[in-house]
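If you want the building blocks of each chain, they are given just below.
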Amino acid sequence: MSKTVRTRYAPSPTGYMHIGNAKAALNEYLLAKSQGGVFILRIEDTDQKREIPGAVEVIYDTLNILGISHDEGPDVGGPAGPYVQSQRKATGIYMDAALELIKKGAAYYCFCSKERLETLTRDGAHDILRYDRHCLSLTKEEINAKLAAGEPFVIRQLIPEGKTSFTDELFGEITVDNSELDDQILMKSDGFPTYNFANVVDDNAMGITHVVRGTEYLSSAPKYNLLYNAFGWDIPKYIHVPMICDEVTGKKYSKRLGAPSIQDLVAQGYLPEAIVNFIALLGWSPADNNEFFTMKELEEQFAVSGLSKSPSIVDMTKLRWMNAEYFKRMDPERFYSMSAAYLETFPFDKAKLAAMVQPRITFLSEIPELLDFLKALPDYDIALYENKKQKTDAAVSLKALEPAAELLAGISPEGWNNDALYAALQGLAAEMGMKNSQVLWPVRVALSGKAATPCGATELLELLGRDASLARLDDGIKRLS
RNA sequence: GGCCCGUUGGUCAAGUGGUUAAGACACGGCCCUUUCACGGCUGUAACAGGGGUUCGAGUCCCCUACGGGUCACCA
């Protein structure tokens with residue numbers, strides 16, 4: 001019987017969430033859900049200076065928009081709380097852990113000032129800075145005296161000699177020489193733990209079984225193992241996943257590179273389901289060739305075995321395509337209600353308009369432009385009447401338009417429907433020895449003033465109604481004459 | 001620069017020693033009783049390079065190149 005899977009998304013409240021962050025959250029969430037586990041939200045606010053007010057709310061909001069719901073967290077509580085590190089710090093959990101490490105000889109006090117650290121000889125050739133263990137030689141008495149005098153201090157991890165290996169579920173075993181590792185700070189002089197330390201302490205305290213994180217943490221992973229071993233704690237399974245990169249720079253997706261927030265994307269008209277579907281497919285592929293997944297399906301089908309090892313680039317063109325697909329596949333009723341706001345000002349059958357527009361848009365905001373000609377005939381160039389493929393031009397159009405207008409004028413308002421209109425115009429074309437398109441193209445242009453409309457000529461006739469249609473046809477004839 | 005990781009078409013990616021090397025986006029062509037679109041069909045396009053191992057290598061090993069990551073009292 002294996003333990004319940006517990007995963008966490010642990011953001012620091014330093015701003016909005018972009019696709020990369022959302023992907024990180026989604027990975028943790030899906031791993032938990034695919035195994036009937038628990039997904040936890042933990043806020044890592046150990047850097048007081050970087051904290052941005054309101055950022056936690058943005059995180060809640062973003063997760064909510066995407067449908068990534070946490071089972072435990074600051075707002076919903078849970079058995080492993082508190083879920084905010086600044087609150088956990090108040091319980092003394094980090095300091096206690098650090099002290100325990102000192103007792104075990106795996107950490108030590110350091111009183112070096114920032115100034116002294118600055119003067120540490122940089123390795124000229126490599127330009128790297130490593131702590132020189134100046135304070136490691138302090139005697140117990142010296143330490144106690146400094147502590148008693150209230151000297152500021154940090155606590156550093158004592159990296160032993162040798163090599164350290166750890167096993168990643170995706171990348172396999174990775175070994176580094178401990179000489180590569182710095183005696184990193186565990187507790188900062190302001191009493192807060194560093195990210196690396198708080199992470200280990202909390203993951204253990206919260207019973208986290210699987211950690212999914214980006215490969216940017218791959219090289220610090222051995223230090224975690226050292227910590228776990230020093231404590232004698234069970235090491236969770238680590239799954240380092242490839243990063244999400246920017247299309248133009250090819251570098252890690254980041255705020256600095258101007259990555260849009262999830263909220264921005266939604267405001268631009270991207271559907272949350274499409275965004276989730278799209279990012280789920282970044283760096284992961286399902287067992288079959290399916291490309292469309294609801295969150296529920298992702299929860300069922302997500303598997304570590306489908307994860308890729310190489311980074312992926314965000315292709316906004318594909319996201320746009322996916323968004324359009326989501327509109328096309330959307331339940332018509334839902335589409336109708338979503339598009340209602342954009343259809344409001346059009347004095348036509350809204351359900352009909354929605355149905356026309358549904359398979360033709362990427363964003364709802366495209367609707368007004370798609371339909372604006374319905375409200376008022378735009379001033380258009382008669383060059384529109386020329387279409388090589390339809391074998392028509394201004395002269396042919398005029399020749400077709402005049403009898404067409406006359407014919408249509410003879411149709412009563414009661415008989416004014418698409419089927420009848422189509423039959424009539426088709427009949428006219430046959431009578432005149434013309435191709436259907438040689439009649440229908442000019443009619444559509446005259447009705448719309450556009451080369452592209454969301455429907456055909458006779459559908460337009462029906463939509464506009466008899467009077468408006470006949471008026472527009474006359475206008476077209478005038479323009480051509 | 002040290003260390004770590006990666007490298008299949010422009011992009012997302014399947015592929016776990018024997019395949020005509022999938023599929024999707026994008027792009028081109030054709031078809032679709034009326035445009036654009038949708039849809040259908042179809043085309044161009046890839047195993048970074050070099051050495052091994054093997055009867056056989058995109059798949060295993062080594063080297064090189066390129067890319068990324070990491071080396072903070074940031075997370």
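Residues numbered from 1 in each chain as written. Chains lettered and ligands numbered in written order. Predicted model: local features only at pLDDT ≥ 70, side-chain atom pairs only at ≥ 80, totals over all residues. Heavy atoms only, no water.

Turning our eyes to something else, we now look at the overall build of chain A. Helix and strand counts for chain A stand at 20 helices and 11 strands. What you see for chain A is a C-alpha radius of gyration of 33 Å, clearly larger than the 23 Å of a compact globule of 481 residues, by over 25%. Counting only C-alpha atoms and orienting by the principal axes, one finds that chain A spans roughly 110 × 55 × 40 Å. Buried residues in chain A amount to 48% of all 481 residues. Summarising the internal contacts of chain A: among those between residues at least 6 apart in sequence, 73% fall at separations of at least 24. Accessible surface computed for chain A: about 22900 Å², of which carbon and sulfur atoms make up 52%. For chain A, the centre of its 51 positive side-chain charges and the centre of its 65 negative side-chain charges are spaced 3 Å apart. (Helix = DSSP H or I, 4+ residues; strand = E, 2+ residues; numbered from the N terminus. Rg over C-alpha atoms; globule rule 2.2 N^0.38 Å. Buried < 20%, exposed > 50% of the residue type's maximum accessible area, 1.4 Å probe, protein only. Contact = heavy atoms within 4.5 Å. Areas by Shrake-Rupley, 256 points an atom, 1.4 Å probe, with all protein chains shown as cover. Lys, Arg positive; Asp, Glu negative; His and termini not counted. Charge placed at Lys NZ, Arg CZ, Asp CG, Glu CD.)

Our next topic: helix α20 (residues 466-480). The end-to-end C-alpha separation of α20 is 21 Å, in line with the 21 Å expected for 15 residues at 1.5 Å each. Those residues of α20 that sit buried are Ser-469, Leu-470, Arg-472, Leu-473, Gly-476, Ile-477 and Leu-480. Projected onto a plane normal to the axis of α20, the buried residues spread over an arc of 165° and lie on a single side. Projecting away from the buried face of α20 at angles above 90 degrees are the exposed residues Asp-467 and Lys-478. Against α15 (367-375), α16 (394-409), α18 (436-448) and α19 (457-464) lie the buried residues of α20. (Expected span 1.5 Å × (residues − 1). Arc of directions from axis to C-beta.)

Turning next to the pattern of salt bridges. Side-chain pairs of opposite charge can arise where the charged atoms are in close proximity. Applying the stated criterion to the full structure yields 26 salt bridges. Residue Asp-132 pairs with Arg-116 through a salt bridge whose shortest N-O separation is 2.5 Å. Within this pair, whereas Asp-132 is found in the loop between α5 (114-119) and α6 (140-148), its partner Arg-116 is found in helix α5, the two being separated by 16 residues in sequence. What makes Asp-132 partly exposed here is its relative accessible area of 36%. (Salt bridge = Lys/Arg side-chain N within 4 Å of Asp/Glu carboxyl O.)

Let us now look at the domain arrangement of chain A. Annotation of chain A at the domain level lists domain 1 (1-72 + 242-329), domain 2 (330-365) and domain 3 (377-480). Taking the mean C-alpha position of each, domain 1 and domain 2 sit 29 Å from one another. The contact between domain 1 and domain 2 buries some 900 Å² in all, and 60% of this surface belongs to carbon and sulfur atoms. Between the two partners, domain 1 and domain 2, sit 1 salt bridge. Arg-334 is the salt-bridge partner of Glu-273, the closest N and O atoms lying 3.0 Å from each other. (Domains from an automatic or database assignment. Buried area = accessible area lost by both parts, 1.4 Å probe.)

Right, let's talk about the confidence of the model for chain A for a bit. A low pLDDT means the predicted coordinates there should not be read in detail. For chain A, per-residue confidence averages 92 on the pLDDT scale, and residues scoring 70 or more make up 98% of the total. For this predicted complex, the interface confidence reaches an ipTM of 0.94, while the overall pTM sits at 0.93. (pLDDT = per-residue confidence, 0-100.)

Moving on, we come to the side chain of Lys-23. Here Lys-23 shows up in helix α1 (residues 19-34). Reaching out from Lys-23, the side chain makes a polar contact with the backbone oxygen of Ile-279 at a distance of 2.9 Å. Looking at Lys-23, its side chain comes within polar contact range of the main-chain oxygen of Ala-280, at 3.4 Å. Residue contacts for Lys-23: discarding those within four places in its chain leaves Ile-244, Ile-279, Ala-280, Leu-282 and Trp-284. (Polar contact = N/O pair within 3.5 Å; in protein donor to acceptor, adjacent residues only side chain to side chain.)

Time to look at helix α14 (residues 350-357). Turning to α14, its buried residues number three or more, namely Leu-353, Ala-354, Met-356 and Val-357. The buried residues of α14 occupy one face: seen down the axis, they fall within an arc of 160°. Packed against the buried residues of α14 are α13 (332-343), α15 and α19. By the N-cap criterion, in which a side-chain oxygen at the helix start approaches the backbone nitrogen of a residue two or three places on, α14 is capped by Asp-349, the distance to Ala-351 being 3.0 Å.

A separate point is the nonpolar core. Nonpolar side chains tend toward joint burial in soluble globular proteins. Leu-374 and Val-443 are the most contacted members of the largest nonpolar core, which totals 99 residues. If one sorts the elements of this core by residue count, α1 sits on top with 8 residues. Setting aside anything within four residues of it in sequence, one finds Val-443 in contact with Leu-401, Ala-404, Leu-425, Ala-457, Leu-461 and Leu-473. Formed by 40 residues, the second largest nonpolar core is a distinct cluster that contains Leu-138, Ile-143, Phe-166 and Leu-227. (Core = buried A, V, L, I, M, F, W, Y, C linked by side-chain atoms within 4.5 Å.)

Attention now goes to the sheet that holds strand β4 (residues 154-157). Ordered in space as β3-β4-β7, the 3 strands form an open sheet in which the pairing is antiparallel. Sheet topology places β3 (107-110) and β7 (185-187) at the edges, where each strand pairs with a single neighbour. The sheet shows a mean angle of 40° between the axes of neighbouring strands, direction not considered. Where β4 meets β7, 2 bridges bridge the pair, whose relative direction is antiparallel. From the neighbouring strand, Arg-156 faces β7, where its bridge partner is Ile-185. Lying over the sheet, helix α4 (residues 93-103) contacts β3, β4 and β7, oriented at roughly 110° with respect to β3. (Pairing = 2+ DSSP bridges. Axes fitted to C-alpha atoms, helices over the stretch in contact; angles between N-to-C directions.)

Our next topic: the packing of aromatic side chains. Counted by the stated rule, this structure contains 18 aromatic pairs. On the numbers, 6.1 Å between centres and 20° between planes, the contact of Tyr-109 with Phe-111 is stacked. Like Tyr-109, the residue Phe-111 is buried in the burial classification. Relative to Tyr-326, the ring of Phe-292 lies with its centre 6.0 Å away and its plane at 50°, an arrangement referred to as tilted. With Phe-292 in the loop between α10 (272-280) and α11 (295-301) and Tyr-326 in helix α12 (residues 316-329), the pair connects residues that are 34 residues apart, well separated along the chain. (Phe/Tyr/Trp six-rings, centres within 6.5 Å; stacked < 30°, edge-to-face > 60°.)

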